[in-house]
Amino acid sequence: MKKISKGMLMAALICGSFSVLNVASAEEMQTFEMDEFVVTASRVATSKVDTPANISVISAEQIADKNYSNVQEVLADTEGVNILGGGSKGSINGEDQIMINGDTRVLVLVDGRRMNVGSTGKTSANWLPPANAIERVEVLKGGGSALYGSDAVGGVINIITKKGAELGSQVTLRAAGGSWGTEQYGLTASGSNDKGLGVFIAANKERRGNFDYKNQQGDVVEMKNSGYNTEGVNLKLDQTIGADDRITFAFEHNNSEGGVPYDTALGFIDTDNFRRKNNNVSLRYDWNETADNNGFVQVYKNYQHAEFLSLPGSPKNSDFTDETTGFNVQQNLKVNDSNELTFGAEYYKNEVENDNYINKKGSVNNKALFLEERWKISDSWQLNTGLRYDDHEIYGEEFTPKVALNKKVNDDSNVYVSWGQVFKAPTMDKLYYGTMPYMPSSNPNLKAEEGEVWTLGYNTKIHEKTNLSASVYYSDIDNAIVDNGNYSDWYYINAKKEKRRGLEISINHEFDDHLSGHASYTYMQIKQDKGTGFERDTNEKPNTYRLGLKYKNVGWTYTADLTAVSGQKVRALDEMGMPFAGYTDSNYFILDLGVQYKVKDNLKLFANVYNLTDTRYQDVGTLSYVDGEAMFPMPSRSFIIGAEYTF
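As the structure is a prediction and not an experimental result, all values here were calculated from the model.

The rules behind each value
- Residues numbered from 1 in each chain as written.
- Predicted model: local features only at pLDDT ≥ 70, side-chain atom pairs only at ≥ 80, totals over all residues.
- Heavy atoms only, no water.
- Helix = DSSP H or I, 4+ residues; strand = E, 2+ residues; numbered from the N terminus.
- Buried < 20%, exposed > 50% of the residue type's maximum accessible area, 1.4 Å probe, protein only.
- Contact = heavy atoms within 4.5 Å.
- Areas by Shrake-Rupley, 256 points an atom, 1.4 Å probe, with all protein chains shown as cover.
- Pairing = 2+ DSSP bridges.
- Phe/Tyr/Trp six-rings, centres within 6.5 Å; stacked < 30°, edge-to-face > 60°.
- Core = buried A, V, L, I, M, F, W, Y, C linked by side-chain atoms within 4.5 Å.
- Salt bridge = Lys/Arg side-chain N within 4 Å of Asp/Glu carboxyl O.
- Polar contact = N/O pair within 3.5 Å; in protein donor to acceptor, adjacent residues only side chain to side chain.
- Patch = residues over 30% accessible without salt bridge, like charges linked within 9 Å, V, L, I, M, F, W, Y side chains within 5 Å.
- pLDDT = per-residue confidence, 0-100.
- Lys, Arg positive; Asp, Glu negative; His and termini not counted.
- Charge placed at Lys NZ, Arg CZ, Asp CG, Glu CD.

Brief notes about the overall build of the protein
Okay, so step 1: Secondary structure assignment for the protein yields seven helices and 38 strands.
Okay, so step 2: Taken across its 647 residues, the protein has 54% of its residues classed as buried.
Okay, so step 3: For the protein, restricting intrachain contacts to residue pairs at least 6 apart in sequence, the fraction spanning at least 24 positions comes to 62%.
Okay, so step 4: As displayed, the protein has an accessible area near 27300 Å², and 55% of this comes from carbon and sulfur atoms.

Written out as structure tokens, the structure is:
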């Protein structure tokens, strides 16, 4: 990629900003309903029909209707999103990795604050706020690097949490129980006073014993050492200052522990376990919240301490601390009716202490400036151009542009195309971890990943009760970081090329005032060239079909969701007798059912059945173990029954 000096970019940003300040006005934005607007694609509230991006929104109402207990369930139900996880929170070292458009390089935000850790560059769905603390979730699919930086190669997930002032004074209690000794407890409380102070708190606890799964012979058996126990608290205080400013303090705590069951699948031991603690704190100041020239400044610190324990003296023991300290500032400006700007700066520093690192410690910081201009060429055409400058402590300066063009066909339809370059530095685990049992070793000579991402999409309302969305994406990444595939001498390398192709088609239809449905199809192709030609990626799910129905009437809500996958790469042996990673089955389908009854406005009862078909499946493509069993099998049929009361 073309390099640009820090001075040149800063001069361009500053000059552009001052020229706008001379003509910018503080006209108020029109009042809008949040479900008609999205904020993630351009970092500013924008009508979906004017947004040149593939974006899905999951509202608080949808979360309540499905009675999700955590973000993992929310995201797993979203088209274009895949959760790479096992049946236990201790699987894959506790990380249920999030994949968008076939890419795990996904940036996760909570109220605009980055959650990706420094060690892996990712975040787990298990570490995010509980479902009862969420106002909405926006999922941006496709490269977002110009505005969001190096983690946003596959997309961006922005979790927007609730505010006490918007909810009023109320307390909600939730309790549920089900298969394998599952217990779930939740409490939310909110309130505000006439001086503009709002308070919201969410407390949650969940525990479960060992789950069951279906093995290769079709028998349902116990997955030993797969139980877990988690608890957490989320606190949010926001104070209105003057007519249109706000200061917000947020604190998040999560504590989890449980078994690490994959050693059981190996037939070795069932005593491995994990403990993890997360403490995150942030302070944010927003100004001119309802005006065009709104902005914010935010400081935060995320802290994680994790332990993975095996037999005494085992090289698999791990005890590490991962901290991120960050700062970001953003300003939106409306130049005139056809021209808007968003610009800002970001800084974060990742620090990891790990006895398994070569030098016991690792740290890296990144400074960035970003700018996006949204220009309405006419009433129906809009051009978005953006650029980002990153100064990475190890990999130096990088400049990543992005261009998107939107055609508003009518008030309910748009066509868009976007292109952007991406830059992704290696994570600290891949640089510093050293030799890792059962995992690829680090490589301090890795190059940064660079490439480009294209997205072409179309959204329309076929008629009053039917919406259709379709998009295709394409990405080419040079120096993609992968493992070398040599399990006798296993380490990370830069592949010559990585290619991703895919499409997504979804349709939503209201049959009448009570019955609605949705259907979607996603296609994904991932290939990597490690020097001997392109090979399919292990975790590729080429074809995913989703079908859902929801019926609401007189207090009752019924949901049914069918997910089917076909064309997965099945594990096999090469000519040398070495195993290729893959899946136990090429095809599968699962059916989930839910029912909810509102006894009265403040009391509801609910029940969910998961994997009613009792299907054997897995979300992660891995090597085969004893008798070809999956390393991370997903649970067999299960259920949960609960109640929620608000007063």
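Still more to cover.
Structural notes on the pairing of strand β5 (residues 97-100)
Remark: a regular strand shows side chains that alternate across the two faces of the sheet.
Okay, so step 1: Neither face of β5 is exposed, since Gln97 and Met99 on one face and Ile98 and Ile100 on the opposite face are all buried.
Okay, so step 2: In this sheet, β5 lies alongside strand β4 (residues 81-84) in antiparallel orientation, the contact comprising four bridges. Looking across to β5, one finds that Ile83 is bridged to Ile98.

So, the packing of aromatic side chains
Okay, so step 1: Using the criterion set out here, one finds 11 aromatic pairs in the structure.
Okay, so step 2: Where Tyr521 meets Tyr545, the ring centres are 5.0 Å apart and the plane angle is 35 degrees; that geometry is what we call tilted. Of this pair, Tyr521 sits in strand β30 (residues 515-529) while Tyr545 is found in strand β32 (residues 543-553), placing the two residues 24 residues apart along the sequence.
Okay, so step 3: We classify Tyr521 as partly exposed; its relative accessible area is 23%.
Okay, so step 4: The partly exposed category is assigned to Tyr545, whose relative accessible area is 39%.

Considering the nonpolar core
Okay, so step 1: Membership of the largest hydrophobic core comes to 21 residues, with the highest contact counts inside it found for Leu75, Ile98, Val137, Val139, Ile157 and Ile159.
Okay, so step 2: Elements supplying a minimum of two residues to this core: α3 (71-76), β4, β5, β6 (106-110), β8 (134-141) and β9 (155-161).
Okay, so step 3: Setting aside anything within four residues of it in sequence, one finds Leu75 in contact with Val81, Ile83, Ile98, Val137, Val139 and Ile157.

Here we look at the pattern of salt bridges
Okay, so step 1: Evaluation of the coordinates by the stated rule reveals 32 salt bridges.
Okay, so step 2: The residue Asp111 makes a salt bridge to Lys236 at a minimum N-O spacing of 3.3 Å. With Asp111 in the loop between β6 and β7 (113-114) and Lys236 in strand β15 (residues 228-241), this pair connects stretches of sequence that are 125 residues apart. For the pair shown, Asp111 and Lys236 are each scored as buried.
Okay, so step 3: For Lys301, the salt bridge identified is with Glu323, shortest N-O distance 3.0 Å. With Lys301 in strand β18 (residues 295-309) and Glu323 in strand β19 (residues 318-336), the pair connects residues that are 22 residues apart, well separated along the chain.

Description of the environment of Arg105
Okay, so step 1: Note on placement: Arg105 falls in the loop between β5 and β6.
Okay, so step 2: For the pair Arg105 and Gly143, spaced 38 residues apart in sequence, the C-alpha separation works out to 9.6 Å.
Okay, so step 3: Non-local contacts of Arg105, meaning those with residues more than four positions away in its chain, are made with Asp151, Ala152, Val153, Gly154, Gly155, Lys424, Glu449, Ile477, Ala480, Glu498 and Arg500.
Okay, so step 4: Among the polar contacts listed, one links the side chain of Arg105 to the side chain of Glu498, at a separation of 2.4 Å.

Quick notes on the sheet that holds β8
Okay, so step 1: One open sheet accounts for five strands, arranged β3-β8-β9-β6-β7; its pairing is mixed. Each of the sheet's edge strands pairs with one partner strand only, and the pair in question is β3 (54-59) and β7.
Okay, so step 2: Where β8 and β9 come together, seven bridges link them in antiparallel fashion. Residue pairing in the sheet places Arg136 in a bridge with Ile160 of β9.

Side note on unusual backbone geometry
Okay, so step 1: The phi dihedral of Asn67 falls on the positive side, at around 55 degrees, and the residue is not glycine.
Okay, so step 2: Summarising the element assignment, Asn67 is placed in the loop between α2 (60-66) and α3.
Okay, so step 3: Given a relative accessible area of 5%, Asn67 falls into the buried group.

Some words on a nonpolar patch on the surface
Okay, so step 1: Where nonpolar side chains cluster on the molecular surface, the patch consists of Leu197, Leu237, Ile241, Ile247, Phe249, Val281, Leu283, Val299 and Phe327 and spans about 620 Å² of accessible area.
Okay, so step 2: Of all the secondary structure elements, the ones that give two or more residues to the nonpolar patch are β15, β16 (245-259) and β17 (273-287).
Okay, so step 3: Following the sequence through the fold, Leu283 ends up in strand β17.

Some thoughts on the pairing of β18
Okay, so step 1: By the bridge criterion, 15 bridges tie β17 to β18 in an arrangement that is antiparallel. Each residue of the ladder has a partner; that of Ser282, found in β18, is Tyr300.
Okay, so step 2: Note: β18 against β19, 14 bridges, orientation antiparallel. Within β19, the residue paired with Ala306 across the bridge is Phe320.

Comments concerning the confidence of the model for the protein
Okay, so step 1: When pLDDT is averaged along the protein, the result is 84, and 86% of the positions lie at 70 or above.
Okay, so step 2: Across residues 1-35 the pLDDT falls below 50, and counting only partners more than four positions away or on other chains, this stretch makes 57 contacts in the model.

Here's the deal with the side chain of Thr522
Okay, so step 1: For Thr522, the position within the fold is in strand β30.
Okay, so step 2: What Thr522 contacts, discounting residues up to four positions off in sequence, is Gly80, Leu503, Glu504, Pro542, Asn543 and Thr544.

Focus: the environment of Gly227
Okay, so step 1: Along the chain, Gly227 turns up in the loop between β14 (220-222) and β15.
Okay, so step 2: The spacing of Gly227 and Asn273 is 46 residues in sequence and 9.7 Å in space, taken between C-alpha atoms.

Comments concerning the environment of Pro52
Okay, so step 1: Within the secondary structure, Pro52 is located in the loop between β2 (46-47) and β3.
Okay, so step 2: Using a relative accessible area of 7% as the deciding quantity, one classes Pro52 as buried.
Okay, so step 3: Residues Pro52 and Gly457, spaced 405 residues apart in sequence, show a C-alpha to C-alpha distance of 8.0 Å.
Okay, so step 4: Dropping the residues within four chain positions of it, Pro52 is found in contact with Asn384, Ala404, Leu405, Asn406, Tyr416 and Ser418.

What to know about a negative patch on the surface
Okay, so step 1: Residues Asp319, Glu351, Glu353 and Asp355 make up a contiguous surface patch of negative charge.
Okay, so step 2: With respect to the helices and strands, Asp319 occurs in strand β19.
Okay, so step 3: Here Asp319 falls in the partly exposed class, since its relative accessible area comes to 36%.

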